[in-house]
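Listed below are the residues making up each chain.
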Amino acid sequence: MKMNKWLLAMSVLLLAVVIFGCSTDEATQSNDTEDDQTTEEASTEEQGNEEVETETNSGGEMRVATSAQPPTLDPYISTSIATSYVTTQIYEGLVTINSDFEVVPQMAESIEVSDDGKTYTFPLRQGMTFHNGDDVTAEDVVASMIRFQETSSSLPAILREGVFSATDDSTVILEVDEPSPAILDIMGANSHAVVTPKEIVESSDDSGVPEMVGTGPFQFVDWKQDQYIHLTKFENYQPLDTPADGRAGKKEALVDDLYFDIVPDAATLVAGVQAGQYDIALDVPNEYYEQLD
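Residues numbered from 1 in each chain as written. Predicted model: local features only at pLDDT ≥ 70, side-chain atom pairs only at ≥ 80, totals over all residues. Heavy atoms only, no water.

Trainee: Any chance you could break down the pairing of strand β9 (residues 228–233) for me, citing the residues and the numbers?
Mentor: Direction of pairing for strand β8 (residues 218–224) relative to β9: antiparallel, over a ladder of 6 bridges. Residue F218 lies in a different strand from β9, and its bridge partner there is K233. Linking two consecutive strands that pair antiparallel, namely β8 and β9, is a turn of 3 residues; a positive phi of about 65° is found at D226 within it. As paired elements, β9 and strand β10 (residues 257–262) share 5 bridges and run antiparallel to each other. Pairing of I229 across the sheet is with F260, part of β10. (Pairing = 2+ DSSP bridges. Helix = DSSP H or I, 4+ residues; strand = E, 2+ residues; numbered from the N terminus.)

Rendered as C-alpha cells:
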C-alpha cells in the first residue's frame, strides 16, 4: 500500500508539471510592470467590468529524463513505475482519485451505487474520442475492464469476479456478489484500470496491446528503444470542466510534444539537467542533491 501511494504521488507530480503547469512566464517583475497591471485593471473596470479572456501560452516541447526504459507501454500487464510515468499521459479510466484519495468520475459522468451495494452504474461522458478518432462506447469500456480483471495479478476476488456489461452505448454496469466499500477505491487508485478500443483489446496477447490508443491529453507517436518515447498533444481531447485536483479534474496539454528520454547513467542525466537539455529529471540519485541545489 505504501508503494502504491508513493507511485501515485510521483504520477500526480509528473501530471501536474507536464499537463497543468507548463508556464513560460518569468517570475520577476519591476515596479513599472506592477503599475501597468494596475492601469490595466482600472481600464477593465471602466469598460463595465467585462470579462477578459486570457490566452495561455502553449506549444513547443518538453523533455523528461528517466533512468529506466519501460518493459512495455501496455498498462494492463505492467506495474512498472517507468511504464506508469508514460501511460498516465495516454490513458484514462472510468474513475480516478483526487488529491485527498477520494474516488471521483473520470470517463464516467457519474457513479451510481444501488441500495444493496451490489450494482454500480457508470453513465459515460459524451463527446469522448480515442486517439484513433473513434467514439468511445460502453462496449470499449466493458472489453477494457474485462482485460483489467484478467491481467491484474493483485486484484481482490471481489472485483475480479465482478461482471461488467453495457446496457446501451453510453452506460456501463458492474455487478458484484457481495457489497464492499473497497471496489471503487481499487478502480480509482489503480492506474491499470484504463480504457482502450475494443478491437485493440481483442487483438492483444500475452506480449501486450498492438497499439497504444487511449483518450488522454497526449497520444503515442514513437518509441526508439534505449533512446526516447515520443508523445504528442491530442487535439481532440475532451477535458473535464472541474478544477484540476491530483489525478482528477481538468487536464490541459500545454506542450505540443512530450519526450521521455531514456538516460540510465545518473551522471549523464544530471549533466543534461544542468545544461538545460532536460526540463524534468526523474529518479535522480540522492548523492547529486548538493550539486543540483
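Read on for the rest.
Trainee: Would you mind going over the environment of Q89 in detail, with residue names and values included?
Mentor: Among the structural elements, Q89 can be located in helix α3 (residues 81–90). In this structure, the C-alpha to C-alpha distance between Q89 and G214, residues 125 residues apart in sequence, is 9.2 Å. Of note is the side chain of Q89, whose polar atom sits 3.3 Å from the backbone oxygen of Y85. (Polar contact = N/O pair within 3.5 Å; in protein donor to acceptor, adjacent residues only side chain to side chain.)

Trainee: Can you explain the nonpolar core? Please cite residues and give values.
Mentor: Counting residues in each nonpolar core, the largest one holds 52 residues, and the members touching the most others are L94, F122, V172, L174 and M187. The element contributing the most residues to this core is helix α4 (residues 138–151), with 6 residues. If we skip the residues at most four places from it in the chain, L94 touches P105, Q106, M107, A108, F122, L124, V141, M145, V172, M187 and A193. (Core = buried A, V, L, I, M, F, W, Y, C linked by side-chain atoms within 4.5 Å. Buried < 20%, exposed > 50% of the residue type's maximum accessible area, 1.4 Å probe, protein only. Contact = heavy atoms within 4.5 Å.)

Trainee: Report on the pattern of salt bridges, specifying residues and quantitative values.
Mentor: For the structure shown, the criterion picks out 6 salt bridges. For E92, the salt bridge goes to K251, with nearest N and O atoms at 3.5 Å. Of this pair, E92 sits in the loop between α3 and β2 (95–97) while K251 sits in the loop between β9 and β10, placing them 159 residues apart in sequence. For E92, a relative accessible area of 2% gives the class buried. Between K198 and E202 there is a salt bridge, with the nearest N and O atoms lying 3.9 Å from each other. Separated by 4 residues within a single helix, K198 and E202 lie in helix α7 (residues 198–202), roughly one turn from each other. It is possible to trace a salt-bridge network through shared partners that takes in E61, R63 and D261. (Salt bridge = Lys/Arg side-chain N within 4 Å of Asp/Glu carboxyl O.)

Trainee: Give me the sheet that holds strand β1 (residues 61–66): which residues, what numbers.
Mentor: Ordered by their spatial adjacency, 5 strands build an open sheet running β8-β9-β10-β1-β11, and the pairing between neighbours is mixed. On the outer flanks of this sheet lie β8 and β11 (280–281), each paired with one strand and no other.

Trainee: So what about the packing of aromatic side chains? Which residues, and what values?
Mentor: Any aromatic ring pair is given by two values, namely how distant the centres are and how the planes are angled relative to each other. The full count for this structure, using the stated rule, is 1 aromatic pair. Seen from their ring centres, Y228 and Y259 are 5.5 Å apart, and the 75° between their planes marks the pair as edge-to-face. In this pair, Y228 sits in strand β9 while Y259 sits in strand β10, placing the two residues 31 residues apart along the sequence. Overall, the relative accessible area of 13% leaves Y259 in the buried class. (Phe/Tyr/Trp six-rings, centres within 6.5 Å; stacked < 30°, edge-to-face > 60°.)

Trainee: Talk me through unusual backbone geometry; I want residue IDs and the actual numbers.
Mentor: A positive phi angle, near 60°, is found at F101, a position not held by glycine. In this structure, F101 sits in the loop between β2 and β3 (103–105). Judged by its relative accessible area of 43%, F101 falls in the partly exposed class. Located in the positive-phi region is D283, a residue other than glycine, with phi close to 65°. Mapping D283 onto the fold places it in the loop between β11 and α9 (289–292).

Scope: geometric values only; no functional claims are made or implied.
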